[in-house]
Amino acid sequence: MELPFAEPYRIKSVETIRRTTRTERERAMAAAKYNLFNLRSEEVFVDLLTDSGTGAMSSAQWAEIMLGDESYAGASSYYKLKAAVKEVMGFDFFLPAHQGRAAENVLMSTLIGPGREGAGKVVPGNSHFDTTKGHIESRGARALDCTVDEAFDPELERPFKGNVDLGKLEAVFTAHKREDIPFCIVTVTCNTSGGQPVSMENIRGVAALCRRHGVPLFLDAARFAENAYFIKTRERGYADKGIRDIAREMFSYADGCTMSSKKDGIVNIGGLICFREEELFRRTSTYNIMYEGFNTYGGMAGRDLGALSVGLREATEFDYLEARVGQVARLGSKLVEYGVPVMKPFGGHAIFVDAKRFLPKVPKEEYVAQTLGVELYLEGGVRGVEVGTLLADRDPDTRENRYPALELLRLAVPRRTYTNDHMDYVAAVCANVFARRESIARGYRILRESEILRHFTVELEPAR
Ligand code: F0G
């Protein structure tokens, strides 16, 4: 018989997780004010809140932890990372930061300004991640979403639904003066629109357009390796290329990138800002020193720089990516089998459940995807995250809720952390809630929220 697929790693160290009763979960959820971020991790059985910083490091990475050089300046761990950044991403200049949003803060301080210098400015791209949008909008500028329309049809099977619509981008470039467009940012893969990849052809097209209009192009590279895997497996001409060759080509079209290395760096904390040109690197390093730390550590411990140098290489191994993306797809396929509406094609790091179709009776004013998230937790201790109206925040001018085209519940799979049995468990939990969906007609209302990034701290109560 044909041999089945099996993970290209085995487990050396385990961490116990505990199942809870429905009564315990009801109590925990009420105490958490119906915000999944407020749960204690001990109250969660399978935690799919995020794939960020939750991956399992390899024995080679743990070895680097022990070898970490904690010198303030010029640590050997920094030079190991520098070599890995060059080899895997192709950049000569980079600054470490403690995580992705810190990298965004530093880079945007240079490109937009450290204060509210952004008034009247726009930053186009595919759907910006919430912290990226936060850093743009808190500076007074606007993040303009130029994602292709097909991204907003959750049923449509297209290979690169993270792509930028070049027509929309061109329209932004012609409607605004060059000096009002500090940069363009393309997120690979596009988390906010469902973990969908961006094709090489599209990156190339965006880069050409940016160059023509004199606008710098940056990648948000949090999941660049998964994006490279999709290019290899879906885009004509790339099947025989290596993941790292593809990654370097992706980056070759950009002036630089920010990266949360908690994703495709497979480390628990860390971030990067990479640059093609030395001049921008120099200007930005001043802000990095102010906000993060000296250029050779930037908010990271030496041991974490070392672990990241290994993680970047491991995350760009084809066998690893095949298992990683395959495990996410296994969860997706099970859900489809059970009739649960999910976004297609499956994302690289997560399955996005279409909450509007799952719970059609819950009014949009009562936070549909959040309601679904609470139900999955109550059913089986599974924690996902809302990617819907709460995440979309209010319009900065009108203070009205912004209702996004899609209300999604994201089930993000940590790297190398859970087994396929866990995926089957999660799918069964979803199937059980789906079976009683008719009885779920009301959602939640907000008791307390913050002005931006409200989903992290929002407090809710059941709507009646
Ligand atoms: N960009 C993207 C595309 C992200 O997904 C994230 C984080 C960031 C930037 C910010 O990085 O967390 O290291 O500061 N995403 C996590 C998530 C939080 O759950 O998707 P960070």
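Novice: Would you mind going over the overall build of the protein with me for this structure?
Specialist: Within the protein, the regular secondary structure consists of 16 helices and 14 strands. Computed over C-alpha atoms, the radius of gyration of the protein comes to 21 Å, within 12% of the 23 Å expected from 2.2 N^0.38 for 464 residues, which places it in the range of a compact globule. When the backbone C-alpha atoms are referred to their principal axes, the protein occupies close to 60 × 55 × 45 Å. The contacts of the protein with a sequence gap of at least 6 include a subset with a gap of at least 24, amounting to 73%. For the protein, the exposed area adds up to about 18900 Å²; of that, 51% sits on carbon and sulfur atoms.

Novice: Mind showing me how you'd approach the nonpolar core here?
Specialist: Nonpolar side chains in soluble globular proteins generally cluster together in the buried interior. Core analysis: the largest hydrophobic core is formed by 61 residues, its most contacted members being M89, F224, L272 and L312. Three or more residues apiece are contributed to this core by two domains, here domain 1 (22–51 + 318–462) and domain 2 (59–315). Counting 32 residues, the second-largest nonpolar core is a separate cluster that includes V342, V362, Y418 and V433.

Novice: It is not clear to me how helix 12 (residues 318–337) should be interpreted in this structure. Could you clarify?
Specialist: Side chains that are three or four residues apart share a direction in an α-helix, a result of its 3.6 residues per turn. Over its 20 residues, helix 12 runs 27 Å from end to end, which matches the ideal 28 Å to within 8%, given 1.5 Å per residue. Buried residues of helix 12: Y320, L321, A323, R324, V325, Q327, V328, L331, G332 and L335, and no others. Turning to helix 12, the residues buried within the fold contact helix 8 (224–234), helix 9 (243–252), helix 11 (302–314), strand 9 (350–354), strand 12 (408–412) and helix 16 (420–435). Remark: G339 follows helix 12 within two positions and exhibits a positive phi of approximately 85°.

Novice: Would you mind showing me how to read the site of the ligand here?
Specialist: Residues in close proximity to the ligand total 16 residues, the closest being T50, R101, D220, S260 and K263. Contact distances for the ligand include 2.8 Å between an oxygen atom and a side-chain N or O atom of Q99. For the ligand, whose free accessible area comes to 470 Å², the fraction covered by protein is 94%. With three residues, helix 4 (residues 100–111) is the single largest residue contributor to the shell around the ligand. Class assignment for the residues of the shell around the ligand results in one nonpolar, eight polar and seven charged.

Novice: Can you walk me through the pairing of strand 8 (residues 271–275) in this structure?
Specialist: In regular strands, side chains alternate between the two faces of the sheet. Of all five residues in strand 8, five are buried, a share of seventy percent or more. Burial of strand 8 is two-sided: the residues G271, I273 and F275 facing one way and the residues L272 and C274 facing the other way are all buried. Across five bridges, strand 2 (residues 93–97) lies against strand 8 in antiparallel orientation. Counted as the bridge partner of F94 is C274 from strand 8. In this structure, strand 7 (residues 256–260) lies alongside strand 8, joined through five bridges in antiparallel fashion. By the bridge assignment for strand 8, G256 is matched with F275.

Novice: Can you help me understand the domain arrangement of the protein in this one?
Specialist: Where the parts come together, the accessible area they lose is often given as the size of the interface. The domains assigned to the protein are domain 1 (22–51 + 318–462) and domain 2 (59–315). Distance between the C-alpha centres of domain 1 and domain 2: 26 Å. Buried area between domain 1 and domain 2, summed over both chains or domains, comes out near 2900 Å², and the portion from carbon and sulfur atoms is 55%. Of all residues in domain 1, L321, K344 and P345 bury the most surface against domain 2, accounting for 21% of the area lost on that side. Here domain 1 is connected to domain 2 by nine salt bridges. Close ionic contact of R402 with E137 constitutes a salt bridge, the shortest N to O distance being 3.6 Å. Summed over the shared surface of domain 1 and domain 2, the number is 17 residue pairs in polar contact (both at pLDDT 80 or more). Within the residue set of the side of domain 1 that touches domain 2, elements represented by two or more residues are helix 12, strand 9 and helix 15 (389–392). The element best represented in the side of domain 1 that touches domain 2 is helix 12, accounting for six residues.

Novice: I would appreciate a short explanation of the packing of helix 8 against helix 9 in the present structure.
Specialist: A pair of packed helices is captured by two measures, namely the crossing angle of their axes and the spacing between those axes. It is at 9 Å that the axes of helix 8 and helix 9 come closest, and there the two elements cross at 110°. Of the possible angle classes, the one that applies to helix 8 and helix 9 is roughly perpendicular. Each of F224, N227, A228, Y229, I231 and K232 in helix 8 lies in contact with helix 9, whose residues at this interface are I243, I246, A247, M250 and F251. Its residues assigned to classes, the contact of helix 8 with helix 9 shows nine nonpolar, one polar and one charged.

Novice: For this particular structure, what's the right way to read the pattern of salt bridges?
Specialist: Side-chain pairing between opposite charges can occur once the charged atoms of the two side chains come close. Tallied over the entire structure, the rule returns 39 salt bridges. Residue R223 is joined to D51 by a salt bridge in which the shortest nitrogen-to-oxygen separation is 2.8 Å. One end of the pair, R223, is in the loop between strand 6 (217–220) and helix 8; the other, D51, is in the loop between strand 1 (46–47) and helix 2 (59–67), with 172 residues separating them in the sequence. Residue class for D51 comes out buried when judged on its relative accessible area of 0%. Between D424 and R330 there is a salt bridge, and its shortest N-O distance comes to 3.0 Å. In this pair, D424 sits in helix 16 while R330 sits in helix 12, placing the two residues 94 residues apart along the sequence. Shared partners join several salt bridges into a network, and the residues in it are D51, R223, E226, D264, R324 and R415.

About the thresholds
Residues numbered from 1 in each chain as written. Predicted model: local features only at pLDDT ≥ 70, side-chain atom pairs only at ≥ 80, totals over all residues. Heavy atoms only, no water. Helix = DSSP H or I, 4+ residues; strand = E, 2+ residues; numbered from the N terminus. Rg over C-alpha atoms; globule rule 2.2 N^0.38 Å. Contact = heavy atoms within 4.5 Å. Areas by Shrake-Rupley, 256 points an atom, 1.4 Å probe, with all protein chains shown as cover. Core = buried A, V, L, I, M, F, W, Y, C linked by side-chain atoms within 4.5 Å. Buried < 20%, exposed > 50% of the residue type's maximum accessible area, 1.4 Å probe, protein only. Domains from an automatic or database assignment. Expected span 1.5 Å × (residues − 1). Near = heavy atom within 4 Å. Polar contact = N/O pair within 3.5 Å; in protein donor to acceptor, adjacent residues only side chain to side chain. Nonpolar A, V, L, I, M, F, W, Y, C, P; charged D, E, K, R; others polar. Pairing = 2+ DSSP bridges. Buried area = accessible area lost by both parts, 1.4 Å probe. Salt bridge = Lys/Arg side-chain N within 4 Å of Asp/Glu carboxyl O. Axes fitted to C-alpha atoms, helices over the stretch in contact; angles between N-to-C directions. Parallel < 35°, antiparallel > 145°, perpendicular 65-115°, else oblique.

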